[in-house]
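Topology and contacts: notes
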Amino acid sequence: MIKLYDYELSANCYKQRLMMSLLDVPYESVPVDFFPGLQHKTDEFKKINPLGHIPVIDDDGYVLWDAHAILVYLAAKYDPTGQWYPTSDPALLGETASWLLFAEGTTNTASAARLYVNLSYDFDIDACRAGAHRLFRVLDEHLWFRERDGRDWVCSAAHPTIADIAIFPDVVLSEEGGVSRLDYPSLRRWTDRVKALPGFSIMPGVFPMGTS
Amino acid sequence: MRTALTTTVATTCTDPIILNQWHPLLPLDEMATDHPGTAVLLGERLSYQLDANGAPAVWLTADVDATPLPVLVEYLYVWTCLGSPPDELFAIPEFSEPDRRNVHGGTIGVHVSAPRAIENFLDMGHFPYVHTDVLGVEPHTEVAEYDVHIDPETNDVWATDCIFYQPRASTTSTEGQMSDYLYRVPHPYCVILYKTTPLFEDRMDVIALFCRPVDDDQIQAHMFLSLLDPDNSDTVIRKFQQGIFGQDKPILENQYPKLLPLDPRAETPIRADKIAIAYRRWLSDLGVTYGVIPVSPTSVSMTS
Amino acid sequence: MTNPVTLPDPVTLPDPMTLWHPVATMLDLPHRHIFHGQLLGREVAIWRADDEFINVWENRCLHRGVRLSIGTNDGTELTCRYHGWRYSNRSAGCTYIPAHPADAPARTICNRTFAAVEQYGLVWSGEDPIGEPPTVASLDDGTPFTLRNLPVNAPSQIVLDQLRQHRFQPVASLDTDDAEMTATEINDYALSLTSTGTNTAESSTVVFFVQPVDSDRSVIRAVLTEAPAEVAQLAVLRHHAAALGKLVIAAEAAAAQMPLPEPMQATINQVSLALSVMPEPMLDRQAPLRVQVARKWTTARDIAGFELVSVGDPLPTFQPGAHIDVHLPNGLVRQYSLTNGPGDTSRYRIGVKLEANSTGGSQCLHDTVREGDVLAISEPRNNFPLRRDSLRTVLIAGGIGVTPMLAMAQALKPMGLAFELHYFAQADEHLAFEEIRAGLGDAVITHVGLSPDETGAELARLLDGYGHANQVYICGPGPMLEAARTIATAADWPDQAVHFEYFKNTTEIDDSSSFEIALARSAVNLQVPAGKSILEVLRDHGIAMPSSCEQGACGTCVVPVMEGEIEHQDVHLKQSERDAGDKIMTCVSRAVSDRLVLDI
């Protein structure tokens, strides 16, 4: 069974929990005392990931860190449809990779702002928030044009990819960092659609869609 | 681009009731000997450091003389005061019981006033909706009648005989239980919950929220636990507690006004809100003005 | 463009609060979404119900001020995320408070609503708007095509200044940059721009509405007056998005040169005096049970079936003919007969007919109560007991009166006792609980669509020939019961063999008399004044009295009488019981004499 070195309030760990829930892949969550214990910075933990960060997975001895790399692995290995990480469609795969890098941007802006507010991380909060708004504006327009084309997801396919999962937590938790989504109606409709995916699961701070 | 939500000037506190209270700065074990740290309390930037003997020192960062502020170490935290502090902090005798696990559950920043956070902690009606399948679940949504009183000696506000069905009441629970709750407010910005534990019939777990008011609408919420739980690691206890608080945070941040309105005409109470109403009235009686919207002198006074 | 910006003198502008403003596009209201918007500093939650009604509500739950926009929209109601309070489409009235199934306030908690009008693909609203949303002839005459709407961190007047100098190409020549622009002011928040190609002379017109979100924020809502051909649409949208994108940057740069204005403050109304007071506790323990609606379905036209399961201890047993009081989330209490057969104790099953003139009870159950809701109910009361020693039992049901009859029939069947259930209904579609009737087989005979005369004839046939140990039970509308009473008497049925259950007492109650009651066991004398019932007087004096329908139909509030002449105004007691004069329905009946002695 996959072991996930996990922290309840981490957006990046949630990306993995969400992906595995959507893929219906069982896993064991190994809680790491990220905060206030800073367990991920201990020498002991650095034996697992020398960079000292989470999430990390250990799939029967195969150890991988970095939130977006783990999404690639999980999708490539456990998705029989080949849709989440579409290796058989180079153009779509390119898009997915491109938006994964966009997700690095949302991590370093929106999620960083959240860490500043929640856990008192020492970041330039104004720069984080301004950066998040810049990215959200771009994504909102992008998603608006997707909707015009009758498409629901970040990439051009009719199905979601790991790009959606990589970006979603950073977006849906942005208000905790003081980044309002009032100006981004397309973004908000997209978060509703992600929440409606079969197998969707929440984390503290994310509200489920209604049951009807 | 600029947004109005960038760092604003903090509202410094001129409320003597709040200035003359002990406030929890941070856990003692997060203070270092070799370099100072900094934190904001009531709009003021403070510096802190452990001296050579390991005793905490706190001072106003802007004060070149570093005049020491009053300091108290209690319940794992370093408390300080910007005014004249009371002789003692409120008592939690359970802290000294030898078989207790005293755990600092973590500190989470929330963009809301301390009184709103206290009131949320006092509320049971949201358990099935915000802490679904843990502290509550439908159809067990009813909040049975409970009692509220003010302790004549300590002036603490108490809610007693609270009872609620909980699928997973604590880290030691393996099945659902009816939890008995006692709530106690011994300080305008601190609240304590006493809760039945599956392990002992006549003793209770203690879970508290000690809020450091950064600003009148911004807090650092310290989660303090004094538990009867010999088995679970601090990591597991923290995961449970932070998970719960992480679910409350977006509710708190989506409430407005952010300052707690003390006027009875501001919001609509139901019987489940008895302790919240008592808390608001208590804050009014104390004369608190920071973190709240006080009842305006011209409004009609409500007699119960 | 670096024209100096001067804001118009605010005194000359009409009060924006009285104007209609666009607050969303129709695209912003997909199925089950709640749109979070803001107008002039006031946050709104906008949601479209399944009946297409567009709700614009103050984005704040009246309970504790939590944003309604983070709640859930299920097509008919909005549920607040904090405590699960539910608010109805259109009225914004609170229909359910999960924390208190038995304490439903008979007071209306209504969120604040604002007008909503759909026009030109946009949703228009206002703080206190006068008249109608503005009409623009070019849009009325054309085929409005909504462009992508853009938020701007700049006040509306700066945005309009920028728009006056805005450039875009007509649809026919998007790739060139030579168009001539003409601007037409529409009002203080809207202007129209026409772009004419210099070579082609083709022109396109866009109407720009600027929504004032806050003192330094707006949304540009742009509508093309003529929808382009399908193949051209994407290019047109991209063109305008790019052009407006540049305008947004310029507007924000201009705004950044001004000092940051104070945010607009929307007024939040005080809660009414009545709602601000803590409601009284439910000390009256007449609804001690808690049930959850496990199933709600349409069992016949206008009749909803409900299955209620216990939330706590197992449900108490009951007799056939028993009914429960159901405390509704709107504060009303209604009685419903259990349709359960013996041994069917895991859930209570009731049928509720939607009354044409519903006083709010059946309507609440039909419209707002849903599966999963928790209700407070009484223990079952049996004021309509079934004899199980009859040689022949005739059960006669009219309409919703079938409910207690089904319970009785299911009790008689396994005992091998002869019975028939005659079920009178207006039409086939009104016949309820088919699954129960199917289990009773031939014993159920339906009479559908009979006229009153035909019904009378059928009743006469059924009641012809009383035999020893025959019993008849009748439950249905008042006129049917009256007809049956007359026929049974004429056919010499003894009083004790004919049992009527009235669901309602439609007789006009005359409470103008005043008299004294003496309570024999407590040696207390009380005065019953005009306008008060004996039941009320007893309760006012702290005497706990059971009751249910409180209209003289169900029989729960009966009290023995030792002396005095009773004025019966109920429909529950049989004639023989009335004549005996030793029982009184305290909720409606009174005294002919000056004094009654009650055996309590």
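Every chain is numbered on its own, with residues counted from 1 as its sequence reads. To read the labels, note that chains go from A and ligands from 1, taken in the order they are written. Per-residue local features are limited, in this predicted model, to residues with pLDDT of at least 70; the limit for side-chain atom pairs, both in listing and counting, is 80 or more; totals at the level of whole chains, interfaces and linings are taken over all residues. Water and hydrogen atoms were dropped before computing side-chain values, which therefore reflect all heavy atoms in the structure.

A few words now on the interface of chain C and chain A. A contact between two residues is defined here by any heavy atoms of the two lying within 4.5 Å. Taken together, the 28 residues of chain C in the interface contact 17 residues of chain A. Accessible area that two parts lose when put together, evaluated with a 1.4 Å probe and summed over both, is termed the buried area. Of the roughly 2,200 Å² buried between chain C and chain A, counting both surfaces, carbon and sulfur atoms make up 53%. When the buried area of chain C at its contact with chain A is split by residue, R81(C), R148(C) and P151(C) rank highest and sum to 27% of it. Salt bridge, as applied in this entry: a Lys or Arg side-chain nitrogen positioned within 4 Å of an Asp or Glu carboxyl oxygen. Summed over the shared surface of chain C and chain A, the result is five salt bridges.

So, about the nonpolar core. As used here, the term nonpolar core means buried Ala, Val, Leu, Ile, Met, Phe, Trp, Tyr and Cys residues forming a set that is joined through side-chain atoms within 4.5 Å. Exposure is judged per residue with a 1.4 Å probe applied to protein chains only, and the accessible area is read against the type maximum: over 50% gives exposed, under 20% gives buried, and values in between give partly exposed. In terms of nonpolar packing, the biggest core is built from 102 residues, with Y183(B) and L209(B) touching the most fellow members. Only DSSP runs of H or I reaching four residues or more are called helices, and only runs of E reaching two or more are called strands; each is numbered from the N terminus. Top contributing element to this core by residue count: helix 4 (residues 234-253) of chain B, with six residues. With residues up to four places along the chain from it excluded, the contact list for L209(B) reads A117(B), I118(B), F121(B), Y189(B), C190(B), V191(B), A221(B), H222(B), M223(B) and F245(B). Membership of the second largest hydrophobic core comes to 55 residues, among which are L23(A), A113(A), A166(A) and V206(A).

Moving on: the sheet that holds strand 10 (residues 177-187) of chain B. Residue and element names in this part refer to chain B. The criterion for strand pairing is that DSSP finds at least two bridges linking the strands in question. As summarised here, the arrangement of the seven strands in space is 7-13-12-11-10-9-8, forming an open sheet in which the pairing is antiparallel. Two strands lie at the open edges of the sheet, namely strand 7 (101-110) and strand 8 (147-150), each paired on one side alone. Here the average twist between neighbouring strands, direction ignored, is 20°. Of the pairings in the sheet, the one linking strand 11 (residues 190-197) to strand 12 (residues 200-215) comprises eight bridges and is antiparallel in character. Directly across from I192, in strand 12, lies its bridge partner A208. Running at roughly 160° to strand 12, helix 2 (residues 114-121) makes contact with strand 10, strand 11, strand 12 and strand 13 (218-227) of the sheet. The axes are straight lines fitted to the C-alpha atoms, using for helices just the contacting stretch, and the angles between their N-to-C directions are given from 0 to 180°.

Listed as interface residues are 48 residues of chain C and, on the opposing side, 40 residues of chain B. Of the roughly 3,900 Å² buried where chain C meets chain B, counting both sides, 54% is carbon and sulfur surface. Three residues, R64(C), Y82(C) and M278(C), lead the burial of chain C against chain B; their summed loss comes to 20% of the area buried on that side. Summed over the shared surface of chain C and chain B, the result is five salt bridges. Note that E119(B) is salt-bridged to R64(C), the shortest N-O span being 3.3 Å.

On to the domain arrangement of chain C. Note that the domain bounds reflect an automated or database-derived domain assignment. The domain architecture assigned to chain C consists of domain 1 (5-257), domain 2 (289-377), domain 3 (392-502) and domain 4 (515-598). For domain 1 of chain C versus domain 4 of chain C, the distance between C-alpha centres works out to 63 Å.

Turning next to the packing of helix 3 (residues 67-78) of chain A against helix 6 (residues 162-172) of chain A. Residue and element names in this part refer to chain A. Taken N-terminus to C-terminus, the directions of helix 3 and helix 6 make an angle of 145°; their axes are 10 Å apart at the nearest point. Read as a crossing pair, helix 3 and helix 6 show a hand that is right-handed. Packed against helix 3, whose contacting residues are H68, L71, V72 and A75, the element helix 6 presents I162, I165 and A166 at the interface. Here is the rule for handedness: rotate from the far helix to the near one, and if that takes an anticlockwise turn smaller than a right angle the crossing is left-handed, while a clockwise turn gives right-handed.

Two quantities define a packed helix pair, namely the angle between the axes and the distance from one axis to the other. Residue and element names in this part refer to chain A. One can describe the packing of helix 4 (residues 90-119) onto helix 6 by two numbers: an axis separation of 9 Å at closest approach and a directional angle of 10°. As judged from the angle between their axes, helix 4 and helix 6 are roughly parallel. Here T96, W99, L100, F102, A103, T106, T107, A110 and S111 of helix 4 lie close against helix 6, whose contacting residues are I162, A163, A166, I167 and D170. Ten residue types, Ala, Val, Leu, Ile, Met, Phe, Trp, Tyr, Cys and Pro, are classed as nonpolar, four, Asp, Glu, Lys and Arg, as charged, and the remainder, Gly among them, as polar. For the contact of helix 4 with helix 6, the per-class residue count stands at nine nonpolar, four polar and one charged. Should an angle fall under 35 degrees it is taken as roughly parallel, and over 145 as roughly antiparallel, whereas 65 to 115 is taken as roughly perpendicular and any remaining angle as oblique.

So, on to the sheet that holds strand 35 (residues 595-598) of chain C. Residue and element names in this part refer to chain C. Taken together, the five strands give an open sheet; going across it, the order is 30-29-35-31-33, and neighbouring strands pair in mixed fashion. The outermost strands of the open sheet, each flanked by one partner alone, are strand 30 (524-528) and strand 33 (583-585). Sheet twist, expressed as the mean angle between neighbouring strand axes with direction ignored, is 40°. Sheet topology places strand 29 (residues 515-519) next to strand 35; four bridges connect them, and they run parallel. What sits directly across from L519, in strand 35, is L598.

Each Phe, Tyr or Trp ring, with Trp reduced to its six-membered ring, pairs with another whose centre is within 6.5 Å; inter-plane angles below 30 degrees give stacked pairs, above 60 give edge-to-face pairs, and intermediate values give tilted ones. Counted by the stated rule, this structure contains 35 aromatic pairs over all chains. Judged by centre distance (6.1 Å) and plane angle (35°), the ring pair of Y75(B) and F224(B) falls under tilted. With Y75(B) in the loop between strand 5 (71-74) and strand 6 (77-80) and F224(B) in strand 13, the pair connects residues that are 149 residues apart, well separated along the chain. Lying over the aromatic face of Y146(B), K274(B) brings its terminal NZ or CZ to 5.7 Å of the ring centre. Sitting over the face of the ring of W297(C), R295(C) holds its NZ or CZ atom 3.8 Å from the ring centroid. Look at NZ for Lys and CZ for Arg. If either is within 6 Å of the ring centre and within 35 degrees of the ring normal, a charge sits over the ring.

Bringing the confidence of the model for chain B into the picture now. Caution applies to low-pLDDT regions: their predicted coordinates should not be interpreted in detail. Residue and element names in this part refer to chain B. A score from 0 to 100, pLDDT tells how confident the predictor is in each residue. On average, residues of chain B score 92 in pLDDT, and 94% of them reach the 70 mark or higher. Within the model, pLDDT remains below 50 along residues 1-7, and this stretch shows 21 contacts once partners closer than five positions in the same chain are excluded. With pLDDT under 50 throughout, residues 299-304 is counted as low confidence; its partners more than four residues away or in other chains account for six contacts.

A separate point is the state of the cysteines. Residues and elements named next belong to chain C. By definition, disulfides here are pairs of cysteine sulfur atoms that lie within 2.5 Å. By the definition in use, this model includes zero disulfides over all chains. There is no disulfide at C80, and the cysteine sulfur nearest it, in C61, is 3.8 Å away. Sulfur of C475: no disulfide; nearest cysteine sulfur belongs to C554 and is 12 Å away. When its relative accessible area of 0% is taken as the criterion, C475 is described as buried.

In this section: the environment of K296(C). All names here are of chain C. For K296, the position within the fold is in strand 18 (residues 289-300). Here the alpha-carbon distance between K296 and R349, two residues 53 residues apart in the chain, equals 9.9 Å. Sequence-distant contacts of K296, defined by excluding residues within four places in its chain, comprise G305, F306, L365, H366, D367, V369, R370 and E371. For the purposes of these results, a polar contact is taken to be a pair of N or O atoms within 3.5 Å, where, inside protein, one atom must be able to donate a hydrogen and its partner to accept one; residues adjacent in sequence count only when each atom of the pair is a side-chain atom. Here L365 takes part through its backbone oxygen, which lies 2.9 Å from a polar atom of the side chain of K296. In this structure the side chain of K296 is engaged in a polar contact, spanning 2.7 Å, whose partner is the backbone oxygen of V369.

Residue and element names in this part refer to chain C. By the definition in use, this model includes 60 salt bridges over all chains. Ionic pairing is found between E52 and R48, a salt bridge with its closest N-O pair at 2.8 Å. E185 is paired through a salt bridge with R164; the nearest N and O atoms lie 2.6 Å apart. A residue pair is termed long-range when its members are at least 10 positions apart, and E185 in strand 14 (residues 180-187) and R164 in helix 2 (residues 156-164) qualify at 21 residues. Taking relative accessible area as the criterion, E185 reaches 45% and is therefore assigned partly exposed. Its relative accessible area of 34% is what places R164 among the partly exposed residues.

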